Amino acid sequence: PSGSTRLNRKITIQEDDLRTHLFPKEYAYTIRLPWQSISVLAREVAKTLCDGTYMYLHEFGTDYRNWFDDPEYLTELKKLNDLRNYFAVGKNIIPRHEIAVITDDHTLNFLNQKPRYITRNIPETRAICMRETIGRIGAPFTEYLLSSFTDSKMPAHKLYIFLNTYKMTKAEKK
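Keep in mind it's a predicted model, so treat the numbers as computed, not measured. (Residues numbered from 1 in each chain as written. Predicted model: local features only at pLDDT ≥ 70, side-chain atom pairs only at ≥ 80, totals over all residues. Heavy atoms only, no water.)

S.K.: Would you explain the pattern of salt bridges in this entry?
M.R.: Side chains that carry opposite charge are capable of pairing whenever their charged atoms lie near each other. Counting across every chain of the model gives five salt bridges. Salt-bridge contacts for E76 lead to K79; the nearest nitrogen and oxygen are separated by 3.3 Å. Of this pair, E76 and K79 are both found in helix α3 (residues 71-88), three residues apart, which corresponds to roughly one turn of the helix. By relative accessible area, which is 23% here, E76 ends up partly exposed. A residue is classified by how much of its surface remains accessible, and K79, at 48% relative accessible area, is partly exposed. (Salt bridge = Lys/Arg side-chain N within 4 Å of Asp/Glu carboxyl O. Helix = DSSP H or I, 4+ residues; strand = E, 2+ residues; numbered from the N terminus. Buried < 20%, exposed > 50% of the residue type's maximum accessible area, 1.4 Å probe, protein only.)

Below, the structure is given as structure tokens:
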């Protein structure tokens, strides 16, 4: 989570393997039109700007055709890169979100992983899928690890959402 990495004076670099309209089959999501590919790319670039993080695109391809082999997509990618450079390069962007989402990196040790993250155990399914739901609340948030919650450097927030924190130490419970 970007909040925890920032507390420890590190940076977050996110690998994005964004599917585009050139991706040959359905997967986690399907994009069929060029403008949809550009919208997903713009959303991800905006997210990194808001979070003060970085990203790189991982090029995948099949049949000698890469996912990004579209002139319109590449033109928009250049514009978004220029925009990101204008706003971020050489600047210390620190988000000031009012919501903190606290996750526990050890929680998945207590859960069974099932194909496609769907299980018959409803609490388990919610624990795995809740991250996606939080991303749709309509307000920006900063993510932290549970271990960062007790760090004196962690800034105050108006709302704390604890996701899947099944096992906490006494200090974390306080």
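Back to the text.
S.K.: What should I look at first to understand the packing of aromatic side chains in this one?
M.R.: The way to describe two aromatic rings as a pair is by their centre distance and the angle between their planes. Tallied over the entire structure, the rule returns four aromatic pairs. Taken together, the ring pairs connect F149, Y160 and F162 into an aromatic cluster. (Phe/Tyr/Trp six-rings, centres within 6.5 Å; stacked < 30°, edge-to-face > 60°.)

S.K.: Where do I start with the nonpolar core in this structure?
M.R.: Here is a general trend for soluble globular proteins: nonpolar side chains tend to be buried in one another's company. Membership of the largest hydrophobic core is limited to 12 residues, which are L18, F23, I31, I38, V40, L41, V45, M55, W67, F68, Y73 and L80. Elements with a contribution of two residues or more to this core: α2 (34-51) and α3. Among the elements that take part in this core, α2 stands out by supplying four residues, more than any other. Discounting chain neighbours no more than four positions away, the residues touching L41 are L18, M55, L57, Y73, L77 and L80. (Core = buried A, V, L, I, M, F, W, Y, C linked by side-chain atoms within 4.5 Å. Contact = heavy atoms within 4.5 Å.)

S.K.: Just to check I follow, could you spell out the sheet that holds strand β6 (residues 141-145) for this structure?
M.R.: Across a sheet, strands are paired by hydrogen bonds formed along the backbone, either parallel or antiparallel in direction. Strands sit in the order β6-β5-β7 across an open sheet of three strands; the sheet is parallel. Pairing within the sheet leaves two strands with one partner each, and these edge strands are β6 and β7 (159-163). Direction aside, the axes of adjacent strands within the sheet are offset by 25° on average. Judged from the five bridges that link them, strand β5 (residues 99-103) and β7 form a sheet pairing that is parallel. Opposite T103, over in β7, you have L163 as the bridge partner. (Pairing = 2+ DSSP bridges. Axes fitted to C-alpha atoms, helices over the stretch in contact; angles between N-to-C directions.)

S.K.: Any chance you could explain unusual backbone geometry here in plain terms?
M.R.: Trans peptide bonds make up most of the peptide bonds, and negative phi angles are found at most residues other than glycine. Despite not being glycine, R9 shows a phi value in the positive range, around 60°. Position of R9 relative to the elements: it lies in the loop between α1 (2-7) and β1 (13-16). When its relative accessible area of 79% is taken as the criterion, R9 is described as exposed.

S.K.: Please explain the environment of S39 as it appears in this structure.
M.R.: Within the secondary structure, S39 sits in helix α2. C-alpha separation for the pair S39 and E76, spaced 37 residues apart in sequence, amounts to 9.8 Å.

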